[in-house]
Protein chains: 2
Amino acid sequence: MITVDQAQTLCLAGLGILGTEDVPITQAAGRTLITPARATRPQPPFAASSMDGYAVANDAVMPATAFKVVGEAAAGHAWDGTVQTGEALRIFTGAPMPHGTDRVVIQEDVTRDGDTITLNIDLDQSRYIRPVGVDFPADFILPSPRLLTPSDIALLAAMNSATVTVSRKPRVALIATGDELVMPGGDPRPDQIIASNIFGLKALIEQHGGEANILPITADTKDALHATFTTAIEADLIVTIGGASVGDHDLVGKVAQEFGLDRAFYKIAMRPGKPLMSGTMHGKPFLGLPGNPVSAMVCGHLFLLPMLRKMSGLAQVLPTIVSATLTHDLSANGARAHYMRAQITETENGREIIAFDRQDSALLTVLSDANALIVRPIADSALKAGTLVQSIQL
Amino acid sequence: MITVDQAQTLCLAGLGILGTEDVPITQAAGRTLITPARATRPQPPFAASSMDGYAVANDAVMPATAFKVVGEAAAGHAWDGTVQTGEALRIFTGAPMPHGTDRVVIQEDVTRDGDTITLNIDLDQSRYIRPVGVDFPADFILPSPRLLTPSDIALLAAMNSATVTVSRKPRVALIATGDELVMPGGDPRPDQIIASNIFGLKALIEQHGGEANILPITADTKDALHATFTTAIEADLIVTIGGASVGDHDLVGKVAQEFGLDRAFYKIAMRPGKPLMSGTMHGKPFLGLPGNPVSAMVCGHLFLLPMLRKMSGLAQVLPTIVSATLTHDLSANGARAHYMRAQITETENGREIIAFDRQDSALLTVLSDANALIVRPIADSALKAGTLVQSIQL
């Protein structure tokens, strides 16, 4: 058995992006920017008024001074002349500042009579100008790789980038194996159960920028597995669920190797999820997840999502570790790292975390109520309530 | 001016779900479950072996005892007989336990010779049986409302729920107003800028379970606004951006009221985002966001997302407040609540947070680098490094 860290390293080895595509920014949120985006002009592209008022020369501003109003500028409607001594321009928020001015006196500080304004005695001292390029300069670059957020999309729009170059989405083939499995909505025999892992994993993959294709449930025979692998090999990443133990009916490993799997490892020192394997099959990355529902989902977070992130071109691919205060005692851990299903609560004093009593890897109800996994290293000693523990948010 | 809390209450008043629809579980992640989902049988539906080994009567298990192997059961292949005294059944993980047995002796603890097994001297004392219904009973209900996660999807599949009833997605009409605006990829005049808010907001809405329709950029004229509102009123929520101040060119409020807006409030005591309005327009909720890019996005998080969540049927709709340790001093806050753009870093000791030096509401570059907002209440006193502050993650 190897450690989780070693397994993650082996799973990620050699992975990279599968290609790029140009997408409109309306479809780019959640995608990974691969080519840096470049601005073509500064933002704002001109010195702009940030208030409604009168543009004047700052040197001329003194209480009770009068100015002649020579015109008007609004957002999208520049005034092209030059404001001379003794003159002011009516100006609105977002309008370009005209030549000859470097201050906006807000309208509340002015008395207007026809074409003449007179400044009040008490004047707001701010200039109310947004300088050229205060947000970004003309040569601004949004660097890559970058997982694009809604704020990034607004910024890209402001940069006049209508399309951006992102990595192609990894296509994942999901293979559930086992004669006991029936699809949801089906009519199971008394000795059968409903296939669940492939659906949870498909949702997880799609939430993290991949495309998932659920292949037909594959029977526990060599021929059936062979046929499924023949289809699956077209994908960018082949994921099997179940059939990965050493039992007479656990054929996935055997048939995958016959089919050309170059196995990197098999079995890791973790709970839940010991029977995990990875490798490459005819050049395609391959991940064999355990069949227990909770094990499959936890290994999805720990191994499959990092692989997807790396295939999307992201730099940080491993799960973010967050600390939280344990609200109860935990007994010592054994010879395998334990990823305990837990619930984080945000309090005024920070994150508190509680592990569920029931940690059996068959309990989807418990996983469904969990929003985090407490990470217990191998041979971790018993922990007291109040200890800061490391966890992964689900 | 009203407070942020008051404004949130007014924005949310009277909102509810728009209808329901049945969707396959492959499309249900991120949607809000509205009708509780019901299981039709327990999981597991039968007592199942959790290991490969031999099913026997626990009473008969003693070191060095011999049993006759009378058959075999595998996952999906029950053995229908009854195991008698002195008999054992070869059994594999996931297979139903046969009548007459209540323990699995793992294959590592057995020596097999033809049809006879002999137990070893040292025996693992676990019974290795997953009882009927240990995950959930036959009458299990997944309660609603519930924002469905990938783990929930796996659970729903295990419950044999092929489809679920979720709330219909709210359709949001996004209206950017202003003669200065040009669409991304366009050719702006020197006094124009690129429309950015609608793109950031569209991404935000779609990330949170809504559908966003960007309407054509609307000029600063009554006729243009009137025409746009005529189209927008078909949506479930009408959102304008910009034009909400009191200037001569800020027509949105005036024309909206002519068009039938029943305004609930206008102006809130917050930075960024003072000129915010909400109300109802011919029975449809209406939100008028400020035109400054950062103000629009921050108000999107504080007001628009809660409205979307309520229209999706969720119970908790306001942003989650998380505490974080300030890494530097902050000066006192003034008469408006301040939502400071900030960066949270996860450390071994918890969340640390740093506010950006530049807090101008025109700076999309700063917002884009922020992953949180520090919440400064009205008249908040100066804060020292090391203080725990409240924040909202972006």
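The paragraphs below set out a description of the structure included in this document. (Residues numbered from 1 in each chain as written. Chains lettered and ligands numbered in written order. Predicted model: local features only at pLDDT ≥ 70, side-chain atom pairs only at ≥ 80, totals over all residues. Heavy atoms only, no water.)

**Observations concerning the packing of aromatic side chains**
Residue and element names in this part refer to chain A. One pass over the structure, following the stated rule, counts six aromatic pairs over all chains. When the ring of F136 is compared with that of F140, the centres are 5.4 Å apart and the planes differ by 25 degrees; the resulting orientation is stacked. Residues F136 and F140 agree in their burial class; the two are buried. The interplanar angle of 40 degrees and the centroid separation of 5.7 Å between the aromatic rings of F229 and F259 together place this pair among those described as tilted. A residue pair is termed long-range when its members are at least 10 positions apart, and F229 in helix α4 (residues 222-232) and F259 in the loop between α5 (252-258) and β20 (261-266) qualify at 30 residues. We note that F229, like F259, is buried. These aromatic residues form a ring-pair network of at least three members: F229, F259 and F286. (Phe/Tyr/Trp six-rings, centres within 6.5 Å; stacked < 30°, edge-to-face > 60°. Buried < 20%, exposed > 50% of the residue type's maximum accessible area, 1.4 Å probe, protein only. Helix = DSSP H or I, 4+ residues; strand = E, 2+ residues; numbered from the N terminus.)

**Some words on the sheet that holds strand β9 (residues 110-113) of chain B**
Residues and elements named next belong to chain B. Strand order in this open sheet of six strands is β8-β5-β7-β6-β10-β9, and the pairing throughout is mixed. Two strands close off the open sheet at either side, each with one partner strand: β8 (103-106) and β9. For this sheet, the mean angle separating the axes of adjacent strands, direction not counted, is 40 degrees. When strand β6 (residues 66-73) meets strand β7 (residues 87-91), the two strands line up parallel, connected through four bridges. In the strand pairing of β7, K68 is matched with E87. (Pairing = 2+ DSSP bridges. Axes fitted to C-alpha atoms, helices over the stretch in contact; angles between N-to-C directions.)

**Observations regarding unusual backbone geometry**
Residues and elements named next belong to chain A. Between Q43 and the following residue, P44, the backbone shows a cis peptide bond with an omega angle of -10 degrees. Along the chain, P44 turns up in the loop between β3 (37-38) and β4 (48-49). Within the chain, K267 stands out as a residue other than glycine whose phi angle is a positive 85 degrees. For K267, the location among the structural elements is in the loop between β20 and β21 (270-271). Taking the relative accessible area as the measure of exposure, K267 reaches 28% and is therefore partly exposed. In this model, A379 sits at a positive phi of 60 degrees, which is unusual for a non-glycine residue. Topologically, A379 is positioned in the loop between β27 (372-376) and β28 (388-393).

**Thoughts on the relation of the copies chain B and chain A**
Note on the identical chains: chain B maps onto chain A by a rotation of 180 degrees and an axial translation of 0.0 Å, with an RMSD of 0.0 Å. Expressed as an axis order, the relation between the two copies is that of a two-fold axis. Distance from the rotation axis, computed per C-alpha, reaches its smallest value in chain B at G350(B): 3.9 Å. By residue overlap, the copies meet face to face through one surface: 100% of the interface positions of chain B are interface positions in chain A. (Least-squares fit on C-alpha atoms with pLDDT ≥ 70 in both. Contact = heavy atoms within 4.5 Å.)

**As for the sheet that holds strand β5 (residues 53-56) of chain A**
Residues and elements named next belong to chain A. What the six strands build is an open sheet, ordered β8-β5-β7-β6-β10-β9; its pairing is mixed. Bordering the open sheet on either side are β8 (103-106) and β9 (110-113), each of which pairs with just one other strand. Ignoring which end each strand starts from, the neighbouring axes of this sheet average 40 degrees apart.

**Thoughts on the environment of R127(A)**
Among the secondary structure elements, R127(A) is positioned in the loop between β10 (116-119) and β11 (129-130). When the C-alpha atoms of R127(A) and A60(A) are compared, they prove to be 13 Å apart, with 67 residues separating the residues in sequence.

**As for the side chain of S167(B)**
All names here are of chain B. Along the polypeptide, S167 turns up in strand β14 (residues 163-167). A relative accessible area of 2% means that S167 is categorised as buried. Residues within four places of S167 in sequence aside, it is in contact with I17, G19, T20, E21, R31, T32, I34 and S312.

**Let's talk about the packing of helix α2 (residues 150-158) of chain A against helix α3 (residues 197-207) of chain B**
Following both chains from N to C, one finds α2(A) and α3(B) inclined at 155 degrees, their axes separated by 7 Å at the closest point. Classified by the angle their axes make, α2(A) and α3(B) are roughly antiparallel. For the pair α2(A) and α3(B), the crossing hand works out as right-handed. Here P150(A), I153(A), A154(A) and A157(A) of α2(A) come into contact with α3(B), specifically with F199(B), G200(B), A203(B), L204(B) and Q207(B). Classifying every residue of the contact of α2(A) with α3(B) gives seven nonpolar, two polar and no charged. (Parallel < 35°, antiparallel > 145°, perpendicular 65-115°, else oblique. Left-handed = near helix turned anticlockwise from the far one by under 90°. Nonpolar A, V, L, I, M, F, W, Y, C, P; charged D, E, K, R; others polar.)

**A closer look at the pattern of salt bridges**
Should their charged atoms come close, side chains of opposite charge can pair. Summed over the entire model, instances satisfying the criterion amount to 28 salt bridges over all chains. With its nearest N and O atoms 2.6 Å apart, the salt bridge here joins R351(A) to E346(B). Of the two residues, R351(A) is situated in strand β26 (residues 350-355) and E346(B) in strand β25 (residues 337-347); the pairing between them involves two chains. Looking at E346(B), the relative accessible area reads 24%, which means it is partly exposed. Here R376(B) ties to D380(B) by a salt bridge, and the two come within 2.8 Å at their closest N and O atoms. There is no split in this pair, since R376(B) and D380(B) are both buried. Residues joined by salt bridges that share partners form a network here, namely R146(A), D152(A) and D369(B). (Salt bridge = Lys/Arg side-chain N within 4 Å of Asp/Glu carboxyl O.)

**Let's talk about the pairing of strand β27 (residues 372-376) of chain B**
Residue and element names in this part refer to chain B. When you tally the buried positions in β27, you get five out of five residues, the bulk of the element. Both β25 and β27 contribute to a ladder of five bridges, which runs antiparallel. Of the residues in β27, the one forming a bridge with H338 is R376.

**Remarks on the pairing of β5(A)**
All names here are of chain A. Two elements, β5 and strand β7 (residues 87-91), share three bridges in a ladder whose sense is antiparallel. Residue G53 lies in a different strand from β7, and its bridge partner there is I91. Judged from the four bridges that link them, β5 and β8 form a sheet pairing that is antiparallel. In the strand pairing of β8, Y54 is matched with V105.

**A few points about the interface of chain B and chain A**
Across the boundary between the two partners, chain B contributes 85 residues, which contact 85 residues of chain A. The contact between chain B and chain A buries some 6400 Å² in all, and 55% of this surface belongs to carbon and sulfur atoms. The largest contributions to the chain B side of the interface with chain A come from D135(B), P150(B) and D191(B), which together make up 9% of the buried area. Counting across the interface, chain B meets chain A through six salt bridges. Where chain B packs against chain A, one counts 30 residue pairs in polar contact (both at pLDDT 80 or more). Sorting the residues of the side of chain B that touches chain A by element identifies α2 (150-158), β17 (193-194), α3, β24 (321-326), β25, β26 (350-355), α7 (364-369) and β28 (388-393) of chain B as the ones contributing at least two each. Looking at which element gives the most residues to the side of chain B that touches chain A, the answer is α2(B), with eight residues. Of the residues assigned to the side of chain B that touches chain A, the class counts are 38 nonpolar, 25 polar and 22 charged. (Buried area = accessible area lost by both parts, 1.4 Å probe. Polar contact = N/O pair within 3.5 Å; in protein donor to acceptor, adjacent residues only side chain to side chain.)

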